[in-house]
Amino acid sequence: MQPLGHGAGVSQPLELPRWLDLFVLPAFNLTLALLACGVLVMIVGHSPAQVLVLLIKGAFGSRIGLSYTLYYATTFVFTGLAVAVAYHAGLFNIGGEGQAMLGGLGTALAALALGDTFPAWVVLPAMLAASMLAGVAWAAVPAALQAWRGSHIVITTIMFNFLASALLAFVLIDVLKEPGNMTIESRSFGPGAKLPGVHETLAWLGIDWPRSPLNLSLLLAVFAAFGVYVLLWKTKAGYALRAVGHAPEAARYAGIRPRAQVMWAMAVSGALAGLVGMNEVAGVHGRLLLDYVVGAGFAGIAVSLIGRNHPFGIALAALLFGALYQGGAELAFEIAGFSRDMVFTLQGLIVLFCGAMAQVAAPTLARIWSAWQRRREARAAAAQS
Amino acid sequence: MTSTQRQSLPVTAPLAVRMQGIHKRFGAVQANRDVNLNVAAGTVHGIVGENGAGKSTLMAVLYGSYRADSGCIEIDGRPARIQSSEDAIALGIGMVHQHFMLVETFHALDNVLLGAEPHWHLPRARSRLRTRLEALMHDTGLQVRLDLAVEDLPLGERQRLEILKALVRGARILILDEPTAVLTPQETEQLFVTLRRLRERGTTLLLITHKLKEIIALCDSVSVMRAGGVVLDCPIRETNVDALAQAMVGRRVQIGREDAAQRGAPVAAAKPRLLEARHLRWRDAFGVPRLDDVSLTLHAGEIVGVAGVSGNGQSELLDALAGLLSPQQGELVLSTIGTRRFTPQRWLAPDIARSLGIAHVPEDRQRRGLILAFDAWESAVLGYHDLPRYGPGLLMDQHAMRADTAAMMALYDVRPANPELRCSKFSGGNQQKLVLAREARPQPKVLLVGQPTRGVDIGAIEFIHARLRALRDAGGAVLLVSSELDEILALSDRVLVMCGARISGEMQIADCSEASLGRLMSGSQLEQAAP
Amino acid sequence: MDEVGIATLLASTLRVSVPLILCALAGTLAERSGVIDLGLEGKMLLSAFAAGSAGAISGSIAVALLAAVVVGVLLSMLHGYACVSRGGDQVVMGMAITMTAAGLTVVLGIAWFQQGGQTPPLPDSVRLSNWFTGAAKTLQDIPLIGNLLALGVLGHNAIVYLSLLLVPAIWWLLYRTRFGLRLRAAGENPAMLEAAGVSIVRLRYAALAGNGVLAAVAGAYLVLAQNPSFIPHMTAGRGYMALAAMIFGKWHPVGALWACLLFGFLDACAIRLQGTALPLVGVVPVQLIQALPYLMTVVLLAGFIGRARAPKALGVPYVKES
């Protein structure tokens, strides 16, 4: 089990003070990624400044734009939190895609079974539970294989992503598809299974808000972020999880059982990813589709990396990514030849600079910092004498 | 073969290895301090010392794995610059590491081949090397099955392979680092035969070990290292096992003897038994016994010291009693809270141990005792985070935890007394005090403690000793494992000595003398004190 | 199924397996030296794009191939810099390469060719032609094996035969040369190799260079032989399937070959079998057949059908002690 980034195998003689490590370094890496993307924008013949302005306008400049941004961000919060929880236990969960797919499947099955006959206050909690349980189930198998058979969780979760898409396709095509319908989707859910949109809720409160996919899963995301924070840093269970992630030997000494921690960290992780189902399937489409997840799991990895695996950072990073997705869609309208794929490229560049090359700048930063410290101390000493 | 039958060293023998004034520092630790080493060609020189004494560092400098901060090295009388292991190999120095440097899935022959292939085409390279190896094996009597995968070879054969590897590269000076640590007694005998034969061929041998009997049996001369420096350096015929033992583990401390008369008055009969371990046996993954029929009893109100050269089963004993290691045979009876019996089928676990009032200060405080990346208050509840006083339900009562940490720091004089500071920022001594505070402050019934004052400054040592005595006086039992003999003598009511995975003897403190303990530690005499 | 049916099945198995074989070999080289390679998908994709673009612009197969190889090697060198030289996380790096390549190919494709990310279809002159067609015609009449040889074995393009030849070549490299011995040792016990005076960094970079070339040829094949133009996301997860095949083949070139052929066979079967009832099991959903390679790999990893033992030092950046 290769803990992600817990200094495993990499010697770091110079230790950065916490604020440098948590804020300056990721900001620096993010800037590098944005600069690289800017270069790409120039190569394809557009002006980075123009692109940036249009992006910000598209994401935040209108109420509907903002709504879309938040709607995308909701999904990214779920997948980002999923990666983070597993990370704190020393595991790299790349299976967010598959777990999110299963979450949607679980949501849909509950909705189809209950949505026509029961009222919303019965169906929606059932769907919520189903989405989380499905995600847990899909994460539990790779977790068990890692804990008991030593199978590398990175590989198994990648395999499970493919298995999930095959399973989803099978269920949709062979079980849920309406005969005679050409599109691959299930029938619409009944009225009890519809998660209210934010515009509907605000209208009920007397506020006029444009129609958008933004739905009450937003509240779920906020709650989840807060919940993960409390879980990891305020509960005994979270303490045990982080202990295993940082120092498995010390955890054993403390009587914490590593296997149990692996299982339960991945369970929480899977449940969080499964919540994507609530946002996409329940909140927006109202039926099960084939491609509601596409890329959300991988975006979650990027979000977690920039957010330094902390719920607060993840919330900010998810907002950033939501803005990128929404702004990117706007850009695709405004500028001929511009497509969403620029956002995907930026996503990859972020994983590159904030993930794989995250520590490349660290020694230089540390040197600059200690040089500045020394100069400050020398000046203070000179002032005293 | 006694020392008188060995050849006396000619005074004008050329020195194969001469190291002078070697200094090597790793951060805050002075691993080697002004070390001198003189080894005559064609002799066997032993380098003895406890863990952390600096012997491995010294040999690593000789072999080019580390570069010394200062000092000089001469090989065969000529000054040598050894910047890497390639330089060392070129000078004829070979090393057999304690942890074998072998690729287990490869064949033995391929392991020798690696890095010194005579040809780029493997089959051709293999046949050339095989011829050379077979000649060498015939010459030295070292037998290794070249066509088996290393993972299928027993440890003794793997070690012979390592020696062959070094010899094939032209080693005339061979360093062996703890060669018998993983060998069975039969394999050890075989190794000695091999080494003697190599010496007859003119190879110079440097033997790093902490097994004193081997030094006497094999070496022509010996250096004893302690805390980074050389404390004893003489031909074998001028010393003996007991003297070596005493030189290794420390100066005699008179202080401990003064109140010895007051301590250890027959405790056994009076006080209740808290812990009884019976006939513990445990073999490691290679089949080497690490606990061999070990039994002990702890009574309330006593400190039992476990003396002995480290590596003789003390660590395994502590781990077994703390629930971190499950022996294959034996049983454990704990009478701290009610009576609980543990057998190999269902052994103790650390959390159960704690719930029964057994606390454990581990030998490795940095990897086990603390989580360096956590803040002090988080490490201060390691193992105790589930307690009701730290939160009734799921939530941690961080206020209580922080308050407790502050109290611990005040009581045990941990500096700086800041519960929010990251554990890695504390000095070794303060880290140790924090761990001890966590384990000892709740007044456990039994405290298992390993190397409590390793790397701790003098003032803190006295403080820690006082706290251990206080625990004993309050009716607790302390099992103290330490490689510092003075510490054992200063604190213990009773002393157990471990040697070769067994308890070689047990004595009341009043009956202890350096001589008797030294004999027990070196295993030259097995003794049972009469009650 | 008659002779012609078997032959065509064999032919399509081979064609489908080729990118898998090349990527599995690429992965074997890297992982045997100790570097996890999750970026095969991205390397293959970006190389395919390079081949498609360069082919369309230059009109020459050689230039297309060269472009693909340059791109593949560059990506692998980046992988090496981040992970071998700077100790970056190898898993994350692989993901970064794949994610960036997925977006970059479409962005550049739209910018350069304005066809929604596709490259213009390459004329036949820029694509690989089938070999041995003459011999195939003459052999066709031989009873029993004639059709098998003619339609199944002969008549493929150069890269198909190249990939089959590369299997014994890579085997020979890994098991019969000094370089191969050292490379395998770098993945098992790098400390030992370093102590023997061999540079781990150089070995891993060399392995990555080979990895880059092979992944590039896989990408080039997609455009020069399978599809006349580059289509966004055309690799469709084959990079990961190759990874699964490599693991299934226990990191051995010949094992990887059999695994790739098996997975390719399953892929070729999947569409054919859709809707047809098999004896005993009835109609097998096509998704199950598509999922079989991944399922089998998971079962293998769980240790239920033999043990897949990865190189011991896989994924651990080697740090020298000073």
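Everything below is about the structure printed above this text.
Presented here is a report on the structure given in the accompanying data block. (Residues numbered from 1 in each chain as written. Chains lettered and ligands numbered in written order. Predicted model: local features only at pLDDT ≥ 70, side-chain atom pairs only at ≥ 80, totals over all residues.)

Remarks on helix α10 (residues 200-226) of chain C
Residues and elements named next belong to chain C. For α10, spanning 27 residues, the distance from its first C-alpha to its last is 38 Å, which sits close to the expected 39 Å at 1.5 Å a residue. Of all the bends found along α10, the most pronounced is centred on A220 and spans about 25°. Burial analysis of α10 places 22 of its 27 residues in the buried class, which makes it a mostly covered element. (Helix = DSSP H or I, 4+ residues; strand = E, 2+ residues; numbered from the N terminus. Expected span 1.5 Å × (residues − 1). Bend = angle between axes of the 7 residues up to and from the residue. Buried ≥ 20, exposed ≤ 12 C-beta atoms within 10 Å, placed from the backbone.)

Some points on the environment of G106 of chain A
For G106 of chain A, the position within the fold is in helix α4 (residues 96-114). Each C-alpha atom of the pair G106 of chain A and M132 of chain A lies 7.9 Å from the other, and the pair is 26 residues apart in sequence.

Here's the deal with the sheet that holds strand β12 (residues 289-299) of chain B
All names here are of chain B. If you walk across this open sheet you meet the 4 strands as β12-β11-β14-β15, and the pairing is antiparallel. Each having just a single partner strand, β12 and β15 (340-342) make up the two edges of the open sheet. Ignoring strand direction, the axes of neighbouring strands in this sheet form an average angle of 10°. Sheet topology places strand β11 (residues 273-283) next to β12; 8 bridges connect them, and they run antiparallel. Residue A277 lies in a different strand from β12, and its bridge partner there is L296. Relative to the sheet, helix α10 (residues 314-322) contacts β11 and β12, its axis offset from that of β12 by approximately 60°. (Pairing = 2+ DSSP bridges. Axes fitted to C-alpha atoms, helices over the stretch in contact; angles between N-to-C directions. Contact = placed C-beta atoms within 7 Å.)

So, the interface of chain A and chain C
The interface of chain A with chain C comprises 42 residues on the first partner and 42 residues on the second. Within the residue set of the side of chain A that touches chain C, elements represented by two or more residues are α5 (120-149), α6 (153-176), α13 (296-306) and α15 (341-356) of chain A. Each residue belonging to the side of chain A that touches chain C can be placed in one class, and the counts come to 25 nonpolar, 14 polar and 3 charged. (Nonpolar A, V, L, I, M, F, W, Y, C, P; charged D, E, K, R; others polar.)

Focus: the interface of chain C and chain B
Each partner contributes residues to the interface: chain C has 15 residues there, and chain B has 16 residues. Those elements that place two or more of their residues in the side of chain C that touches chain B are α8 (178-188) and α9 (190-195) of chain C. No other element matches α8 of chain C, which puts 5 residues into the side of chain C that touches chain B. Split by residue class, the side of chain C that touches chain B holds 8 nonpolar, 3 polar and 4 charged.

Here's the deal with the pairing of strand β19 (residues 494-499) of chain B
All names here are of chain B. Within β19, 6 of the 6 residues are buried, which leaves it mostly tucked inside the rest of the structure. Inspection of the sheet shows strand β13 (residues 302-307) paired to β19 by 4 bridges, in the parallel sense. By the bridge assignment for β19, V304 is matched with R494. Direction of pairing for β19 relative to strand β20 (residues 502-508): antiparallel, over a ladder of 6 bridges. Across the sheet, the residue bridging to V495 is M507, located in β20. In this structure, the hairpin formed by β19 and β20 is closed by a connection of 2 residues, where G500 is found at a positive phi of approximately 60°.

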